[in-house]
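So the chains spell out like this:
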Amino acid sequence: MPVNSSTAPEPVNLALVWQWLLSRLSGAPGDRDCPLRLMTLSSVDGEARPQARHVILRAFDATAIVASFYSDARSGKVVELKGRPDVALTFYDPAAEVQIRAQARASRRWDPESRASAWHNLPATSRLSYATRQAPGSAISAPFTVGRDTVDSEQAYRRFAIIDCEISEVDYLHLHHGGHRRAGFSRGDHWQGSWRVP
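Predicted, not measured: the structure shown is a model, and the values here were computed from it.

## What about the packing of aromatic side chains?
Counted according to the given criterion, the structure contains eight aromatic pairs. Relative to Tyr 172, the ring of Trp 20 lies with its centre 6.2 Å away and its plane at 80°, an arrangement referred to as edge-to-face. Taken together, the residues span a long stretch of sequence, with Trp 20 in helix 1 (residues 14-27) and Tyr 172 in strand 7 (residues 160-174) at a distance of 152 residues. Here the two residues Trp 20 and Tyr 172 agree in accessibility, since each one is buried. Taking 5.6 Å as the distance between ring centres and 65° as the angle between the ring planes, the aromatic pair formed by Trp 119 and Tyr 157 counts as edge-to-face. Linking Trp 119 in helix 3 (residues 112-121) with Tyr 157 in helix 5 (residues 154-159), this pair joins segments that are 38 residues apart in sequence. Here Trp 119 and Tyr 157 have matching classes, each one buried. Here the aromatic residues Tyr 70, Trp 119, Tyr 130, Tyr 157 and Phe 160 are joined through ring pairs into a cluster of three or more. Positioned above the aromatic ring of Tyr 157, the side-chain terminus of Arg 115 is 4.5 Å from the ring centre. Over the face of the ring belonging to Trp 119 we find Arg 127, whose NZ or CZ atom lies 5.8 Å from the ring centre.

## Section: helix 2 (residues 76-83)
Within the sequence span of helix 2, burial applies to Lys 77, Val 78, Glu 80 and Leu 81. All buried residues of helix 2 lie within an arc of 160° about the axis, which places them on one face of the element. Opposite the packed face of helix 2, turned more than 90 degrees from it, sit the exposed residues Val 79, Lys 82 and Gly 83. At its buried positions, helix 2 is contacted by strand 1 (38-44), strand 2 (50-56), strand 4 (66-72), strand 5 (86-93), strand 6 (98-109) and strand 7.

## Overview of empty space enclosed by the protein
This model, assessed by the stated rule, comprises one cavity of 30 Å³ or more. Volume-wise, the largest cavity comes out at about 50 Å³. Contributing elements (two or more residues each) for the lining of the largest cavity: helix 1, strand 6 and strand 7. Within the lining of the largest cavity, the residues separate by chemical class into 11 nonpolar, no polar and no charged.

## A few points about the pairing of strand 8 (residues 181-186)
As judged from the six bridges shared by strand 7 and strand 8, these two strands associate in the antiparallel manner. Residue pairing in the sheet places Val 170 in a bridge with Phe 185 of strand 8. Remark: six residues form the turn of the hairpin made by strand 7 and strand 8, two consecutive strands paired antiparallel; Gly 179 in that turn has positive phi of roughly 130°. Pairing of strand 8 with strand 9 (residues 192-196), which is carried by five bridges, proceeds in the antiparallel orientation. In the sheet register, Ala 183 faces strand 9, and the bridge partner there is Trp 195.

Cut-offs applied
Residues numbered from 1 in each chain as written. Predicted model: local features only at pLDDT ≥ 70, side-chain atom pairs only at ≥ 80, totals over all residues. Heavy atoms only, no water. Phe/Tyr/Trp six-rings, centres within 6.5 Å; stacked < 30°, edge-to-face > 60°. Helix = DSSP H or I, 4+ residues; strand = E, 2+ residues; numbered from the N terminus. Buried < 20%, exposed > 50% of the residue type's maximum accessible area, 1.4 Å probe, protein only. Lys NZ or Arg CZ within 6 Å of the ring centre and 35° of its normal. Arc of directions from axis to C-beta. Contact = heavy atoms within 4.5 Å. 1 Å grid on protein atoms, 1.4 Å probe; cavity = no way out; pocket = protein on both sides within 12 Å on 5 of 7 lines; lining within 4 Å. Points joined across faces, edges and corners; volume = space filled by probe spheres on them. Nonpolar A, V, L, I, M, F, W, Y, C, P; charged D, E, K, R; others polar. Pairing = 2+ DSSP bridges.

Below you can see the structure in the form of structure tokens.
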């Protein structure tokens, strides 16, 4: 079976599972139909309360093992991550019946070249989200009473943030009809994996 198949690999060896994980996550950002493109980001706010929300996986670096997403720099999650950068990422592929959980450390990317490239590759409809004058979550009087700057304004671009999540641990769970299979992978000098009790 090719490692980029949406079907989870049979548990022959850990290397095959790891290759499948990396291949599926690497391909997800460019495939609007891939369920792994939508990930749950879990963090802790300033009052130590858990917060979870869906974000779009915009890039996955299979060498560095880094998952990236975009956000308005004024959003609550960006503020939370500045104070408490440790996060959990959760992905689920219903067709493959695989859940992937990851522990990661989030940081904002400041590199001007990659930010500019990502911004210019965003459709205008997506850039519109960063043009709102009020911060995400602000109270408004009605659904469409949001003040906006122009889509390509400097203000909108300043609000655009890329968040990189450097993954340190991965938990793989295949919900198989013949018995669930689970494996864990940890970053060290090099990535190591082990089978685990489901």
